[in-house]
Every structure is written in C-alpha cells, then in structure tokens.
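Remarks on the overall topology
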Amino acid sequence: MTTTSHSVEADYDAIVIGAGFSGLYILKRLRDLGLSARLYEAGSGVGGAWYWNRYPGARTDSDSMIYCFSEWFDEDLVREWGWRERYSSQPELERYFNWVADRLDLRRDIDFDTRLRSAVYDEQAALWTLTTEQGSVATARYFIPAVGALSDPNVPDFPGLADFQGPCHHSAQFPKDGIDFAGKRVAVIGNGATGVQIVPEVAKTADSVRHFIRNPCHLVPGRNHVLAEADVEATKEAITEILGYSRNTFGGFPYDFLGTALDTSPAERQAAYQKSWEQGGFTFLFLFADVLASREANDTTMDFLREKIRTLVRDPATAGLVTPTDPWLTKRPPLEHGYYSALNRDNVHVVDIKANPVDAVTSNAIRLADGTEHEADVILLATGFDSYTGSLSKIAIRGRDELPLTARWADRPRNHLGLMSAKFPNMFMLYCGPYNPAPFTNGPTLIEQQAEWILDWIQYLDANGHVAMEPTEAAEEEFFALHSEIANSTLIPETSSWWTRAAAGADEPRLVMSWAGGFPEYRRLCDVNAAGKTDHFVLR
Ligand code: NAP
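These remarks concern the structure in this document. (Residues numbered from 1 in each chain as written. Predicted model: local features only at pLDDT ≥ 70, side-chain atom pairs only at ≥ 80, totals over all residues. Heavy atoms only, no water.)

It is worth spelling out the environment of A422 at this point. Checked against the element boundaries, A422 lands in the loop between helix 11 (405-408) and helix 12 (443-463). Of the residues examined, A422 reaches a relative accessible area of 2% and is grouped as buried. Separated by 50 residues in the primary sequence, A422 and T472 have C-alpha atoms spaced 6.0 Å apart. Discounting residues that sit within four places of it in the chain, A422 has contacts with R408, E470, P471, E473 and E476. (Helix = DSSP H or I, 4+ residues; strand = E, 2+ residues; numbered from the N terminus. Buried < 20%, exposed > 50% of the residue type's maximum accessible area, 1.4 Å probe, protein only. Contact = heavy atoms within 4.5 Å.)

Structural data, given as structure tokens:
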C-alpha cells in the first residue's frame, strides 16, 4: 500500500490534468454524468496549447468552423460562437475558451496555477493519489492526463544561451505582454509550424529577421481571410452534418481523398494540386491516398512544391535553403501565411544551420561553427517540443507495485490504443498518449471520440461494480504490431521529426509515434475495444 507524507484533502471520482480542448471536454462531460471531477492546470487560464502558445502569428491550421467543441459537448454552444476568420488566431481562441468556461461555469472545478508533481496508484484502495507542486494532495478513482502531445518545450542546449542579454523565449513561453520588435534584430530558430508563423509577422515591424533553419519543412498556403457573416451563419446551420461527415474521413476533416496519384493522369493530378493550392488549407494533404506510402506518388507532390517555391521565392539561393528534401507528409506540413513572400523582403534572411550549425550564443549574437556571428537583440526559439512523452515523464507517475511510467516505457512507450497502459489502472491518456492519430486528425474530432470512449468505460465499470481496468500486455503488443505494420509501410520512418524517434537498432526503422492508419480505422479499433465488448482489458 502506498502512503503519502501529506494528508489527503479531497477525494474525487476523476482528476483531469490540463485545461485545453481535451481537459475541458472531459471535465464538462464527467459533470454531465453526475461524477465529481477536479481539473489541475499549470497556467493561469483556460486554453491549453492556446493559452501557452501566444507567439506572434499563432493561429490554427484547421478551419475554425471545425476546430471547436461539437454538439457532443453542448448542443447550444456549437451554434452560438461565430468565428471571425477562416483560421482563428490565438487571441480569438483564447476568447473562445474563456467564453466556454464562463458559459458552462467550468472554473469552479478548476485549480489554476497548479502543476501536478506526482500521481501514485494504490492497488488495495483502487485509488490514485495526486500531489501538486503547490502541496495539495487528493485522491481519485480515475486519473486523466489531458496534457497534450506537444506541451513540454524543447529548449536547445546551445552553450551560452543563458548569457544572452536580450529577450530570449521559447515560442510556448512567449510573454503575455508581448514584445515590441520595432527596430530590433530578431533571430528565429526552427522552421516547423511555429517558426513559419513567427517570421512573416515579426518581419512587419522588426529591423531585421534572421531565420535559422536546419531541415526545411513542407508548406501549403492557408489563404486566411475574414469570414463573411452569411457564410458563418450557413456553417452554423449545417454544422451537425459537417462534423458528422468529418468523423468518417481519414483526417477527421470535412474532405477526403480524391483517389491515388498514380492512377490519376499527370494533367488531372496537376490540376488537382493547383486547385487545392489556390483554395488553401489542409485539403492539399488529403488529395491522393498513395503519397504517404509510394515514393513515386510522393515525388509528384514534391515536384509541385519545388516548382511553387521556385516561383514564390525570388532569390534562388534562399529558395534552395527552404526547399524540403524529406518526403512530403513525413513531417506535419504547416500552413503558410505569408512566409514565402516574407523571404522576398529586404529585412528577412535565411541562415543555414545544417551545414554550419550553431556553435554558441554570446551576449549579443549567435555564433556558428565557422565562426560567423549574427548579432541579435531578440532570440525566439521555435524549436518544438519533447513530444508525447515529455510532459508525462515530468510527472512522477507510478502504477501498480510502485512501477514508474518512465521505467515501463524505458525502451519505447507501451499502451493500448494510445489510451491506456498496462499496470497503470484507470489512467486514461486523453489525446496525449503515444500512437494516437493526433498529427493526422483534426484535434477536437479525435479528442471528443477518445473522451466518449473513456466515459463509456467509466460508466460501464461503475454500473457493473468494477473498481479498476487496465489493458492486457497482449493487447498492447497486438496494437503496437498493427501500428508498426501500418507506420512502417509508409515513408514516415525515413524522416526525423517530432512524431518519430531514433531507431532502436541499426537495421530497424525509426519508431513512429503516431497512428498512421487514419481516423476511421482508429475509431473502428476503439469500437472493437469498447466497454463490455472485449477481453483486452483486465477488470477488477
Ligand atoms: P517542430 O515542428 O518540431 O519544429 C521545430 C523546429 O525546430 C524544426 O525546424 C527543428 O529542426 C528545429 N530545431 C529543434 N531543435 C533544434 C536545435 N537544437 N537546433 C536547431 N534547430 C532545432 O515544432 P513546432 O514548429 O513548434 O510545431 C510542432 C507542431 O505543433 C506542429 O507540427 C503542429 O502540429 C503544431 N503546431 C500547429 C500550429 C498551427 O498552425 N495550428 C502552429 C504551431 C504548431 P529539424 O527539423 O532539423 O529538427
């Protein structure tokens, strides 16, 4: 039996960690079911990723109309909020989250500025004991980390970084008061989704922007615009049908594959790429189903993208530096909101740090391996996250027999459906578990499906007198084998990115951390493993 040094102050049916889409969704729905729930949030407000990522230019890459809570969350709310832009900006999303929290009075069940230190399972009592950094101790039957897969900032260990005299911030730790970039020389490091959003925005006012790039990413245009009132109203009318359709597409978006690239004539293929390019948005990702698995098909997209970059970026040397070499879709492609045109400005320069890596940061400059120094007044680190396992491993999670989660996952994460791990009973990893389909799926669509699966199980356990459930190790292995078979039949393992890990051995592919088989197949697996229908879980 586990004991704690502090006395337990409260007992809940469930404790949820994180006040983003996933945490707020399940908090509200637990409440609907009459269960007692508490939510701990490290930040001072709601929004999760959209609370923390307040860097210049931050906005969604899903269309705003589907990047929100659905009618599963609340029948009325889904038709009340009118999105202003095609892709909502961080400030608009933060307003939305606050509106939702106020309308549903969610704050009364949330402890803000509260970071979870440890979660320890007591098998005899069938309870989790959760201790926060602030010293509170509470128990719960169900422990629901909803911490996101991208919430633990990756800050490079450049020598001298701490000695830099000017402001230096990771994108997820950008100051709430903002920074006045006027007249400043700004260094932006990293060119994933975050870096390419920051550069054009900062370039509008900064004296100069130097963008330090290692491996260029693939970009498709977003074509953001203010939405016409009539379109917003029409979308609200049809939202239930739109979301219903989306739940059955590969990515949970309101569009799906046209066919395969190799079975489409070159002229038709080109026309499809061009049409989607002009429309903007993620339709470009879901044109042809074979581009993720066939190099020949993939090359058709790469040829199109290379040609676009050549025409959009005037300086051929700069165009070369931002032309990706990794296969299309093996990194999650961000939307472009003026990045390529920003590269044509006199005050924006790309610096190649693959051939000439960062050697050190001095008090006022970034020094490269060849000794070149780039002076800067501000450094912005758009260097991504310790994905999937970072935030979970920072909490001391111990399951049955005091087993640390980090020990069970020492060689690779082990779980079933990206949702539950053997030996960690009643711990549901909502939207943050390795091998879930998050990178390919519209966030709220996946969150709501996973949350409803969890809630069905909780009701089943309670109704049938069970106190705990956990997957069998055999179920985990079966799921991982299927996940690996699908992932390794794609080109994803060829590229290093936040959804891959270094290979375990010289002859092995990189470990793919995300389900690549599409949302419908993932949902089907979850349905097969739904409450009361499977022997893949041990019930107590
Ligand atoms: P990311 O895609 O992981 O990109 C990180 C960038 O930093 C990469 O270019 C990486 O280079 C570089 N980097 C990392 N460590 C470095 C080091 N030590 N030295 C030099 N460069 C380094 O991270 P992100 O841009 O924050 O985006 C992550 C994900 O968040 C996205 O894929 C997306 O899912 C989500 N996101 C979405 C939006 C949106 O529009 N809704 C916006 C931002 C983020 P290498 O590639 O060479 O490793």
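From this point on, the discussion continues.
Take the nonpolar core next. The biggest cluster of nonpolar side chains holds 63 residues, and the ones touching the most others in it are L24, I26, L30, F69, F428 and W453. If you list the elements that add at least two residues to this core, you get strand 1 (10-17), helix 1 (21-32), strand 2 (37-40), helix 3 (90-103), strand 6 (137-145), helix 12, helix 13 (473-488) and helix 14 (519-528). Membership of the second largest hydrophobic core comes to 35 residues, among which are Y87, V220, F288 and L329. (Core = buried A, V, L, I, M, F, W, Y, C linked by side-chain atoms within 4.5 Å.)

The next subject is the packing of aromatic side chains. How two aromatic rings sit relative to each other is given by the distance of their centres and the angle of their planes. Evaluated as defined, the whole model comprises 46 aromatic pairs. Ring geometry for W277 and F284: centres 6.0 Å apart, planes at 70°, overall edge-to-face. Take W277: its relative accessible area is 6%, and that puts it in the buried class. Taking relative accessible area as the criterion, F284 reaches 2% and is therefore assigned buried. What links up through ring pairs into an aromatic cluster is the set F21, Y25, W50, Y67, F69, F73, W81, W83, Y96, F97 and W99. Directly above the ring of W72 sits R247, whose terminal nitrogen or CZ lies 3.8 Å from the centroid. (Phe/Tyr/Trp six-rings, centres within 6.5 Å; stacked < 30°, edge-to-face > 60°. Lys NZ or Arg CZ within 6 Å of the ring centre and 35° of its normal.)

Let's shift gears to the packing of helix 6 (residues 266-279) against helix 7 (residues 295-312). It is at 11 Å that the axes of helix 6 and helix 7 come closest, and there the two elements cross at 50°. Of the possible angle classes, the one that applies to helix 6 and helix 7 is oblique. Seen along the crossing, helix 6 lies across helix 7 with a hand that is right-handed. Of the residues in helix 7, those touching helix 6 at R269, Q270, Y273, Q274 and W277 are A297, T300, T301, F304, L305, K308 and L312. Here the contact of helix 6 with helix 7 is composed, by residue class, of six nonpolar, four polar and two charged. (Axes fitted to C-alpha atoms, helices over the stretch in contact; angles between N-to-C directions. Parallel < 35°, antiparallel > 145°, perpendicular 65-115°, else oblique. Left-handed = near helix turned anticlockwise from the far one by under 90°. Nonpolar A, V, L, I, M, F, W, Y, C, P; charged D, E, K, R; others polar.)

What follows deals with the sheet that holds strand 9 (residues 208-213). With respect to topology, five strands assemble into an open sheet ordered 7-16-8-9-12, the strand pairing being parallel. Every other strand in the sheet has two partners, leaving strand 7 (168-170) and strand 12 (348-352) as the edge strands with one partner each. Strand after strand, the sheet turns through a mean of 20° between neighbouring axes, direction not considered. Note: strand 8 (residues 185-189) against strand 16 (residues 378-381), four bridges, orientation parallel. For I189, the partnering residue across the bridge sits in strand 16 and is L381. Across the sheet, helix 4 (residues 193-203) touches strand 8, strand 9, strand 12 and strand 16, and the angle it forms with strand 9 is around 165°. (Pairing = 2+ DSSP bridges.)

Once that is clear, we can look at the site of the ligand. Taken together, 26 residues lie near the ligand, and N191, T194, R214, N215 and W498 sit nearest. Contact between the ligand and K331: an oxygen atom at 3.0 Å from a side-chain N or O atom of the residue. Within the contact set of the ligand, an oxygen atom lies 2.8 Å away from a side-chain nitrogen or oxygen of W498. Burial of the ligand by the protein amounts to 84% of the accessible area it has alone, namely 910 Å². Looking at side-chain class alone, the shell around the ligand contains 11 nonpolar, 10 polar and five charged residues. (Near = heavy atom within 4 Å. Polar contact = N/O pair within 3.5 Å; in protein donor to acceptor, adjacent residues only side chain to side chain. Areas by Shrake-Rupley, 256 points an atom, 1.4 Å probe, with all protein chains shown as cover.)

Now for the pattern of salt bridges. Scanning the entire structure with this criterion turns up 36 salt bridges. D74 serves as the salt-bridge partner of K28, at 3.9 Å between the closest nitrogen and oxygen. Taken together, the residues span a long stretch of sequence, with K28 in helix 1 and D74 in the loop between helix 2 (49-52) and helix 3 at a distance of 46 residues. Here K28 falls in the buried class, since its relative accessible area comes to 10%. For D74, a relative accessible area of 15% puts it in the buried group. Between E85 and R59 there is a salt bridge, with the nearest N and O atoms lying 3.3 Å from each other. Residue E85 is found in the loop between helix 2 and helix 3, and its partner R59 is found in the loop between helix 2 and helix 3; the two are separated by 26 residues along the sequence. (Salt bridge = Lys/Arg side-chain N within 4 Å of Asp/Glu carboxyl O.)

This part covers the packing of helix 12 against helix 14. Contact geometry for helix 12 and helix 14: axes closest at 11 Å, N-to-C directions at 5°. If you check the angle between helix 12 and helix 14, you find them roughly parallel. Together, T445, L446, Q449, Q450 and W453 of helix 12 and F519, Y522, R523 and C526 of helix 14 make up the contact between the two elements.

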